[in-house]
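Fold and geometry: a report
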Amino acid sequence: MSHLGGGSLLLAWQLKGKHVLIVGGGDVASGRVESVLAADARVTLISPSNGLHTLTKSFLDGSYNVTYHDRLFGGVEDLANVDLVLTAIDDVAQSRVICCLCRELKIPVNVADIPESCDFYFGSQIRDGPLQIMISTNGNSPKLANIIRKKVEQSLPEHAGDAITRVGELRVKLKERAPGVGGAVGKRRMRWMIDVCTSWEMEELALLDDQMIRRLLDDGWEKNTVPSPGELGVRPSRQVFEAKPTVMAPGVLVTTLSFIAGAACAGLFLLVRRR
């Protein structure tokens, strides 16, 4: 086991309906606005209009849950009824002041580019519908986090987000049929869902529709079995590979021809000696 300590507690923080204050409107702030809006937060943005990034302006012009104040941070009164604070301004001294005020009021705060003034970090994220993956370097190297994120993203199976959505719908309907937490039913329900997820391919799960989910519950859960995708009419597209002539690299081709020529010469030499 690796040495414990020195890490962060990675959480999926539920911000729906929470009040988030963002101080700043530039490039970094625009990314912060996008992230918290994706989590259904209620946003207040404080920044002079002459410093707004194009993306930030698009959020203000759209029908998003953002309240905008065209000014600088005004002090502790701006922190009233705020659940979370994000700052992304070039004024380091002012950022530290905001951080101190937040900590006095027990409000979680993130100050861009000042790790010691952060109660949490923004990692490099992958999102595909309900699927979210965060790569964190604990503030040490955002660039490396981004590089690692790209490698992880390339390794993910196609249709993962759609598959998770459909499996979530199946799980909800299963709980309606077999309600309760824990106990024998809860254990059986968990075991059956595990069997479905491990016996079906990701693409097959992504193709589930409402009718197939009903059949899966009727023919599977009710009979304590897991029907195959084919039994429910799931027909994922499969790539058909046609046989193609093998093309050798030039170096390999030369070596192969040389070997054949050498073998032929040796055979002719032996044949001549026998005669």
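Given the structure is predicted, the values throughout are model-derived calculations rather than measurements. (Residues numbered from 1 in each chain as written. Predicted model: local features only at pLDDT ≥ 70, side-chain atom pairs only at ≥ 80, totals over all residues. Heavy atoms only, no water.)

Attention now goes to the overall build of the chain. Scanning the chain from N- to C-terminus turns up nine helices and seven strands. Residue burial in the chain is summarised as follows: out of 275 residues, 31% are buried. Within the chain, counting contacts between residues at least 6 apart in sequence, those at least 24 apart form 55% of the total. Accessible area for the chain stands at about 18,100 Å²; split by element, carbon and sulfur atoms hold 56% of it. (Helix = DSSP H or I, 4+ residues; strand = E, 2+ residues; numbered from the N terminus. Buried < 20%, exposed > 50% of the residue type's maximum accessible area, 1.4 Å probe, protein only. Contact = heavy atoms within 4.5 Å. Areas by Shrake-Rupley, 256 points an atom, 1.4 Å probe, with all protein chains shown as cover.)

Checked against the element boundaries, Phe 120 lands in the loop between β5 (109–111) and β6 (124–128). Among all residues touching Phe 120, those that are not within four sequence positions of it are Trp 13, Leu 84, Val 85, Leu 86, Pro 108, Val 109 and Asn 110.

For the structure shown, the criterion picks out four aromatic pairs. Residues Phe 120 and Phe 122 carry aromatic rings whose centres are separated by 6.0 Å and whose planes lie at 55 degrees to one another, so their mutual orientation is tilted. Judged by relative accessible area, Phe 120 falls into the buried class, the value being 18%. Here the aromatic cluster, defined as three or more aromatic residues joined through ring pairs, consists of Trp 13, Phe 120 and Phe 122. A cation over a ring is seen here: Arg 32 above Phe 122, with NZ or CZ 4.1 Å from the ring centre. Over the face of the ring belonging to Trp 221 we find Arg 188, whose NZ or CZ atom lies 3.7 Å from the ring centre. (Phe/Tyr/Trp six-rings, centres within 6.5 Å; stacked < 30°, edge-to-face > 60°. Lys NZ or Arg CZ within 6 Å of the ring centre and 35° of its normal.)

Moving on, we come to the confidence of the model for the chain. In the predicted model, the chain carries a mean pLDDT of 86, and 85% of its residues have values of at least 70. pLDDT under 50 marks residues 239–275. Its contacts with residues more than four places away, or in other chains, come to two contacts. (pLDDT = per-residue confidence, 0-100.)

The next thing to look at is the nonpolar core. In this structure, Leu 170, Trp 192, Trp 200, Leu 205, Leu 216 and Leu 217 are the most contacted members of the largest nonpolar core, which totals 19 residues. When contributions to this core are tallied by element, the ones reaching two or more residues are α5 (160–177), α6 (183–199), α7 (202–206) and α8 (210–221). Sort the elements by how many residues they give to this core and α8 lands first, with five residues. (Core = buried A, V, L, I, M, F, W, Y, C linked by side-chain atoms within 4.5 Å.)

Here we come to a nonpolar patch on the surface. Nonpolar side chains collect at one region of the surface, where Leu 144, Ile 147 and Ile 148 lie side by side and expose about 240 Å² of accessible area between them. Among the structural elements, Ile 148 can be located in helix α4 (residues 142–155). Judged by its relative accessible area of 39%, Ile 148 falls in the partly exposed class. (Patch = residues over 30% accessible without salt bridge, like charges linked within 9 Å, V, L, I, M, F, W, Y side chains within 5 Å. Salt bridge = Lys/Arg side-chain N within 4 Å of Asp/Glu carboxyl O.)

Attention now goes to the pairing of strand β7 (residues 131–135). As paired strands, β6 and β7 are joined by five bridges and run antiparallel to one another. Bridge pairing in β7 places Ile 126 opposite Ile 133. Here β6 hands over to β7 after two residues, with Gly 129 in that stretch at a positive phi of 65 degrees. (Pairing = 2+ DSSP bridges.)

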